[in-house]
Each structure stands twice: as structure tokens, then as C-alpha cells.
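# Summary of structural features
What follows is the residue order along each chain.
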Amino acid sequence: MRHSERHRTHRTGWLRAAVLGANDGIVSTASLVLGVAATGAGTRTILMTGVASLVAGAMSMAAGEYVSVSSQADTESADLIREQAELADNPAQEHAELVAIYIKRGLDEALASRVATQLMAHDALAAHARDELGISDTLSAKPVQAALASASTFAAGALLPLLMVLLLPAAALMWGLAASSLFFLAFLGVIAARAGGAPLLASALRVSFWGALAMGLTAGVGALFGVAA
């Protein structure tokens, strides 16, 4: 029988990094541009600030994701090596561990023992990685994938405020950029929610609220300490 249910957990690795990258690209670039614009700087200065934010932010996101996810991957690898050694040294104890896990999940002892025996005969390390350590192919750390997703989506997100800087007249830049950035953030929230199967409105409101807060605070700092060019 063909499995017709559609699950989305296989997307969690790249989806988290992609949403984080795009959200950060929009929020950080729009906030920085608004902060500089609030000082009274010219359009050229504002645009160059935004471009610098895009390049630095994309590289920072890539490096940060790669380092952090690599640390997770290293931990998973170390646990798997340790588990492989334990399986070689004391297979009976490892079998008992699996039996105890399956009993806690609702199987009776006899069935739990048979399940553990069959799974260990098929692939003992995979069984312990999945059921004892919580490591699976779907949820395992992928540093390069996370780094590329974060960097590319940050750049894509940062391009949106920069495009508005080019299109909006100077007199309407502040309000136009703020409004368009909030729209972009809400749209991102909807896309992320649809990809992950989450409620659309809650996701849109969540990213919009924090984006508005960041842009408002940065613009306030720029207006407070800025000097007209």
C-alpha cells in the first residue's frame, strides 16, 4: 500500500537555516538602512551601507551556520563512534538498552526483545543511533547545506530593502522602506509556515513584530545620535 501522508520533518534542516537567513537579511539590512537614513545621510551613503550589510551579513551567516552545525555534527559523530565501540564490547548490554527503550514506548518485554534483536541484526548502529541517541538521516546535522541556505537566503532577503532604496524617492524612503520591509517579513512568515505546515497568521505576525521592533529601535538610535549630512 502506497504511503499517502505528507510529512515535513525532512525539511527542518534547510528550512530553519533558510528562514533565519532571509529574516535576518531583511531585518538587519532594513534596520541598518533606516538607522543611517534617520541621520540624514544621502542616498549613496545609505545604499553603500546596505550593500556592505548584505556582503558582511551573508558571509557571517554562512560562517556561523557552518561552525555551529559542524559542532553538532562532530558531537553526533563522536557519539556514534562511542556507540560502535560499546556494541562491539558489550552487545548484550546494548540489546538490553534497546529493549528498555521499546518497553517504555509501550511494547511488552517479549515483543520489545524480539524487535531489538531483529533491528540489531539488520543494523545495530543505526538502531541505537535512532532510538537511543535520537540521530537519524532526516534530522542529522548538515553543515554545508545549512551554510549555503543561510548565506543565499540572507542575500536574497537583504536585496529587497536595497531594491526599495533604489526605487523610493528620498522623501518617502523612511516610511516606504519600513512598510515594504514589514510586508516582506509577513510574506516570508507565510512562506515558511506553508513549507513547514504551521499556522500562517501566527508565523506572519511573529516575524513582522520582531522586524518592526528592530527597525523602530534602530531608526530611533539613528535619529537620536545622527547629524544631517
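Residues numbered from 1 in each chain as written. Predicted model: local features only at pLDDT ≥ 70, side-chain atom pairs only at ≥ 80, totals over all residues. Heavy atoms only, no water.

### Thoughts on the overall build of the chain
For the record, the criterion: The helix count covers DSSP runs of H or I at least four residues long, the strand count covers runs of E at least two residues long, and both are numbered beginning at the N terminus.
Of regular secondary structure, the chain possesses 7 helices and 0 strands. Seen in sequence order, the chain has helices and strands lined up from the N terminus as α-α-α-α-α-α-α.

### Considerations on the environment of Glu-83
Spelled out, the test is: Only protein chains enter the accessibility calculation, which uses a 1.4 Å probe. A residue is then buried if its area is under 20% of the maximum for its type, exposed if over 50%, and partly exposed in between. Contacts were defined at the residue level, with two residues in contact if any of their heavy atoms lie within 4.5 Å.
Following the sequence through the fold, Glu-83 ends up in helix H2 (residues 43-89). Take Glu-83: its relative accessible area is 3%, and that puts it in the buried class. In contact with Glu-83, other than residues within four places in its own chain, are Glu-94, Glu-97, Leu-125, His-128, Glu-132 and Leu-133.

### A look at the UniProt feature "transmembrane region" (unreviewed entry) in the chain
Selection criterion: UniProt positions are given in the numbering used here, feature names are shortened, and annotations may be inferred rather than shown by experiment.
Listed under "transmembrane region" (unreviewed entry) in the UniProt record, and renumbered for this structure, are residues 146-167, 173-195 and 207-228. The span residues 146-167 shows a helical share of 100% and a strand share of 0%, and its end C-alpha atoms are spaced 32 Å apart.

### Considerations on the nonpolar core
This is how the line gets drawn: Here, nonpolar core means buried Ala, Val, Leu, Ile, Met, Phe, Trp, Tyr and Cys residues that are tied together by side-chain atoms lying within 4.5 Å of each other.
Formed by 21 residues in total, the largest nonpolar core has its most connected members in Leu-34, Ile-46, Leu-173 and Leu-177. Secondary-structure elements contributing two or more residues to this core are helix H1 (12-38), helix H5 (143-167), helix H6 (173-196) and helix H7 (200-225). Among the elements that take part in this core, H1 stands out by supplying 8 residues, more than any other. Sequence-distant contacts of Leu-34, that is, excluding residues within four places in its chain, are made with Met-174, Leu-177, Ala-178, Met-215 and Ala-219. With 10 residues, the next largest nonpolar core counts Ile-101, Ala-116, Ala-124 and Ala-127 among its residues.

### A few points about the packing of H2 against H5
The geometry of a pair of packed helices is captured by two quantities: the angle between their axes and the separation between those axes. Stated formally: The angle between two axes is taken between their N-to-C directions and runs from 0 to 180 degrees, where each axis is a line fitted to C-alpha atoms and a helix contributes only its stretch in contact. When an angle is under 35 degrees it counts as roughly parallel; over 145 it counts as roughly antiparallel; between 65 and 115 it counts as roughly perpendicular; any other value is oblique. Take the far helix as the reference: if the near one is turned anticlockwise from it by less than a right angle, the crossing is left-handed, and if turned clockwise, right-handed.
Taken N-terminus to C-terminus, the directions of H2 and H5 make an angle of 165°; their axes are 8 Å apart at the nearest point. Here H5 runs roughly antiparallel to H2, going by the angle between their axes. As for the relative orientation of H2 and H5, their crossing is right-handed in sense.

### Let's talk about the side chain of Ser-53
Structurally, the position occupied by Ser-53 is in helix H2. Take Ser-53: its relative accessible area is 11%, and that puts it in the buried class.

### Remarks on the pattern of salt bridges
Rules: What counts as a salt bridge is simple: a side-chain nitrogen of Lys or Arg found within 4 Å of a carboxyl oxygen of Asp or Glu.
Inspection of every chain in the model, using the stated rule, returns 3 salt bridges. Between Arg-82 and Asp-79 there is a salt bridge, and its shortest N-O distance comes to 2.7 Å. With a gap of 3 residues between them, Arg-82 and Asp-79 both fall in helix H2, about one helical turn apart. With a relative accessible area of 26%, Asp-79 lands in the partly exposed category. In this structure, Asp-131 engages Arg-130 in a salt bridge whose closest nitrogen and oxygen atoms are separated by 3.5 Å. Residue classification places Asp-131 among the buried residues on the basis of a relative accessible area of 12%. Through salt bridges with shared partners, one network takes in Arg-105, Arg-130 and Asp-131.

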